[in-house]
Amino acid sequence: MSLFKHSYHRDDAFVAGGQPTVTYVQREDQQVERTLARAIATPNQVVSLSGTTKTGKTVLCRRVLGEREFIWVDGGQHDTAEKVWAHVSSELRLPNEITETSGKQTGATLSGAIPLVATASGSLLGTESLSERRQINSMTAALSAMVQDKIVLVIDDFHYLEPEARREVMRNIKGAVFNGLKVVLLSVTHRAFDAIEAESELTGRFVTIKLPPWSLTDLRAIATRGFDALNVFCPAALIDRLCKEAQENPFLMQKFCWEICFDCGIERTALLESHKIPTAYNPEPMFERLAEDAGLPIYRKLAAGPQSRKVRTKRPLNNGQEADIYEAVLLALAETGPKAAVSYEELRTALSGLLIDMMPQKHEITSALKHLSTISRKIGAESAIDWDEGMREINVADPYLRFYLRWKLRHTRTNGH
């Protein structure tokens, strides 16, 4: 007779990119749930939840909101405030009362008896274009509905919105927040203050919560809970290796464990005798595969640099190979760990250790970083490389790119091919 009350599929135990249950780690010592719950409960303030990419912001937010009603907006899918409010209105099933047209209206109604739109102050809009009034109508109706029904507005990847769209959205919600609207903005750590920068009048109504890094103990809990649920014996040394390679990232840890189960033919909970992962199991082929599948496409586009008619100067590396300025910068980032945030001085020190000659000048390095940031935005991978000139810091928030830099490039350099 089985000692297990439930039989789980590996997809239920290890969930990369979804909402885990079996392997959800509350991190009670960090009080992350309580901190977010308190911030959301506090009236008349905007909550900014930040953390590096795929470190559990979405999972945590959905967990804390629980059964509470909310509207979820993906900032990466909307490039204007109008599209944000159109999405919210659609989610709320609000009628689209005004058809889109570029015409003007000066009277109280159109021939079809479409009324003028009232502004927040109660005045009527008499000479606006209908497309402008359509935006204001969907926005005011949506905000009123959310305030009245106590629906939380969540904007994921808020930093992906264009600067003008961010400013407009924050101006739009300012009055609604005063009237009780709950707003949660999710963003990468180094962009946590984009909202307050977009609308300075929100100062005093803005609280920032930064997710703490995942410790080795937290990551180990994912593995042990999932393997226990599947009745799998996994060598402790292998779990330790996974934790060290996971870049403080629960997403990668979930992915590692799922891949091992697949490699070993483990699909469901063993009901009679434990599954066993061989002591000799070598995770390196799995690391290489994941690094190449997820990180290589981004790396190649970054390493290619911007289009140029000139042949770029190749600089000699200390392993006998050569690299242009873009490849050298990426290799230097890899040598930092790579860390999610690397200071300019750390990068320069790493470059000095890599190059045996032709060390680039300061302006060459900063120019390369600016181009890498631009390329990241153009390919829709803003979390890849983001150069903050004011802070003199390079942010590498994408865990797959960091994993590729850590595993594939450092592995290649170490083995000399």
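Here, the structure is the one placed above.
So, a few notes on the structure that sits alongside this text. (Residues numbered from 1 in each chain as written. Predicted model: local features only at pLDDT ≥ 70, side-chain atom pairs only at ≥ 80, totals over all residues. Heavy atoms only, no water.)

1. Structural notes on unusual backbone geometry
Then step 1. Following Gly337, the chain continues to Pro338 via a peptide bond in cis, the omega torsion being -10°.
Then step 2. The backbone phi angle of Arg392 is positive, close to 55°, even though this residue is not glycine.
Then step 3. Position of Arg392 relative to the elements: it lies in the loop between strand 11 (386–388) and strand 12 (393–395).
Then step 4. Residue classification places Arg392 among the partly exposed residues on the basis of a relative accessible area of 26%. (Helix = DSSP H or I, 4+ residues; strand = E, 2+ residues; numbered from the N terminus. Buried < 20%, exposed > 50% of the residue type's maximum accessible area, 1.4 Å probe, protein only.)

2. Things to note about the packing of helix 12 (residues 325–335) against helix 13 (residues 344–354)
Then step 1. One way to put it is that helix 12 packs onto helix 13 with a least axis distance of 8 Å and a crossing angle of 105°. When the interaxial angle is binned, helix 12 and helix 13 end up roughly perpendicular. Across the interface between the two elements, Ala328, Val329, Leu331, Ala332, Leu333 and Glu335 of helix 12 pack against Leu347, Ala350, Leu351 and Leu354 of helix 13.
Then step 2. A breakdown of the residues in the contact of helix 12 with helix 13 according to their chemical character gives nine nonpolar, no polar and one charged. (Axes fitted to C-alpha atoms, helices over the stretch in contact; angles between N-to-C directions. Parallel < 35°, antiparallel > 145°, perpendicular 65-115°, else oblique. Contact = heavy atoms within 4.5 Å. Nonpolar A, V, L, I, M, F, W, Y, C, P; charged D, E, K, R; others polar.)

3. Examining the packing of helix 4 (residues 81–91) against helix 6 (residues 163–178)
Then step 1. For the pair helix 4 and helix 6, the least separation of the axes is 8 Å and the interaxial angle reads 50°. By the angle class used here, helix 4 and helix 6 are oblique. On helix 6, the residues touching Ala81, Val84 and Trp85 of helix 4 are Ala165, Glu168, Val169, Asn172 and Ile173.
Then step 2. Of the residues contributing to the contact of helix 4 with helix 6, the split by class is six nonpolar, one polar and one charged.

4. Concerning the environment of Arg348
Then step 1. Among the secondary structure elements, Arg348 is positioned in helix 13.
Then step 2. Arg348 sits 11 residues away from Met359 along the chain, and the two C-alpha atoms are 9.2 Å apart.
Then step 3. Setting aside residues up to four positions removed in sequence, Arg348 forms contacts with Met359, Pro360, Gln361, Lys362 and Ile365.

5. Some remarks on the sheet that holds strand 10 (residues 341–343)
Then step 1. Reading across from one edge, 10-12-11 is the order of the three strands in this open sheet, with antiparallel pairing throughout. Single-partner strands in this sheet number two, and they are strand 10 and strand 11. Mean inter-strand twist for the sheet, computed between neighbouring axes without regard to direction, equals 20°.
Then step 2. Two elements, strand 11 and strand 12, share three bridges in a ladder whose sense is antiparallel. Looking at the pairing, Trp387 lines up with Ile394 of strand 12.
Then step 3. The strands touched by helix 14 (residues 362–378) within the sheet are strand 11 and strand 12, with strand 11 carrying the most contacts at an inclination of about 130°. (Pairing = 2+ DSSP bridges.)

6. Things to note about the nonpolar core
Within soluble globular proteins, side chains that are nonpolar generally end up buried alongside one another.
Then step 1. Grouped together as the largest cluster of nonpolar side chains are 72 residues, with contacts concentrated most on Phe227, Leu333 and Leu347.
Then step 2. Among the elements of the structure, helix 8 (216–229), helix 9 (236–245), helix 10 (250–263), helix 11 (284–304), helix 12, helix 13, helix 14 and helix 15 (399–415) are those that each provide at least two residues to this core.
Then step 3. Residues contacting Leu333, with those up to four places away along its chain left out, are Pro338, Val342, Leu347, Ile385, Ile394, Val396 and Leu405.
Then step 4. Counting 31 residues, the second-largest nonpolar core is a separate cluster that includes Leu143, Ala165, Met170 and Val183. (Core = buried A, V, L, I, M, F, W, Y, C linked by side-chain atoms within 4.5 Å.)

7. Topic: the layout of surface pockets
Then step 1. Counted as a void, the largest pocket has a volume near 740 Å³.
Then step 2. Only helix 3 (57–65) and helix 10 provide two or more residues apiece to the lining of the largest pocket.
Then step 3. Its residues assigned to classes, the lining of the largest pocket comprises 17 nonpolar, 12 polar and eight charged.
Then step 4. Around the second largest pocket, the lining is made up of 24 residues, and of these Thr52, Thr189, Lys210, Ala340 and Ala341 lie nearest the centre. (1 Å grid on protein atoms, 1.4 Å probe; cavity = no way out; pocket = protein on both sides within 12 Å on 5 of 7 lines; lining within 4 Å. Points joined across faces, edges and corners; volume = space filled by probe spheres on them.)

8. Points about the packing of aromatic side chains
The relation between two aromatic rings is expressed through the spacing of the ring centres and the mutual angle of the planes.
Then step 1. In total, this model carries 10 aromatic pairs according to the counting rule given.
Then step 2. Ring centres 5.9 Å apart and planes at 65° place the aromatic pair Phe70 and Trp72 in the edge-to-face group.
Then step 3. Aromatic pair Phe287 and Trp407: ring centres 5.3 Å apart, planes at 65°, arrangement edge-to-face. Placement of the pair is Phe287 in helix 11 and Trp407 in helix 15, with a sequence separation of 120 residues.
Then step 4. Each member of the aromatic cluster is reached from another via a ring pair, and the members are Phe256, Phe287, Phe403 and Trp407.
Then step 5. Directly above the ring of Trp258 sits Lys255, whose terminal nitrogen or CZ lies 5.5 Å from the centroid.
Then step 6. Here the guanidinium or amino end of Arg392 rests over the ring plane of Tyr344, the centre of that ring lying 4.8 Å away. (Phe/Tyr/Trp six-rings, centres within 6.5 Å; stacked < 30°, edge-to-face > 60°. Lys NZ or Arg CZ within 6 Å of the ring centre and 35° of its normal.)

9. Here we look at helix 8
Then step 1. The terminal C-alpha atoms of helix 8 lie 20 Å apart, and with 14 residues this matches the ideal 20 Å at 1.5 Å per residue to within 8%.
Then step 2. Along helix 8, the positions that sit buried rather than exposed are Asp218, Leu219, Ala221, Ile222, Ala223, Gly226, Phe227 and Ala229.
Then step 3. Structurally, helix 8 contributes buried residues whose contacts are with helix 1 (10–13), strand 6 (232–233), helix 9 and helix 10.
Then step 4. In the stretch just after helix 8, Asn231 is the one whose phi turns positive, near 60°. (Expected span 1.5 Å × (residues − 1).)

10. A look at helix 9
For the α-helix, the turn length of 3.6 residues means that residues three or four positions removed from each other point alike.
Then step 1. Those residues of helix 9 that sit buried are Leu238, Ile239, Leu242, Cys243 and Glu245.
Then step 2. The positive-phi residue at the C-terminal boundary of helix 9 is Gln247, with phi of around 60°.

11. Let's talk about the sheet that holds strand 5 (residues 206–210)
Then step 1. The strand order across the open sheet built from five strands is 2-3-4-1-5, with neighbouring strands paired in parallel fashion. Among the strands making up the open sheet, the edge pair consists of strand 2 (70–74) and strand 5. Adjacent strand axes in the sheet meet at a mean angle of 20° when their direction is disregarded.
Then step 2. Helix 4 contacts strand 2 and strand 3 (152–156) of the sheet and is inclined by roughly 145° relative to strand 2.

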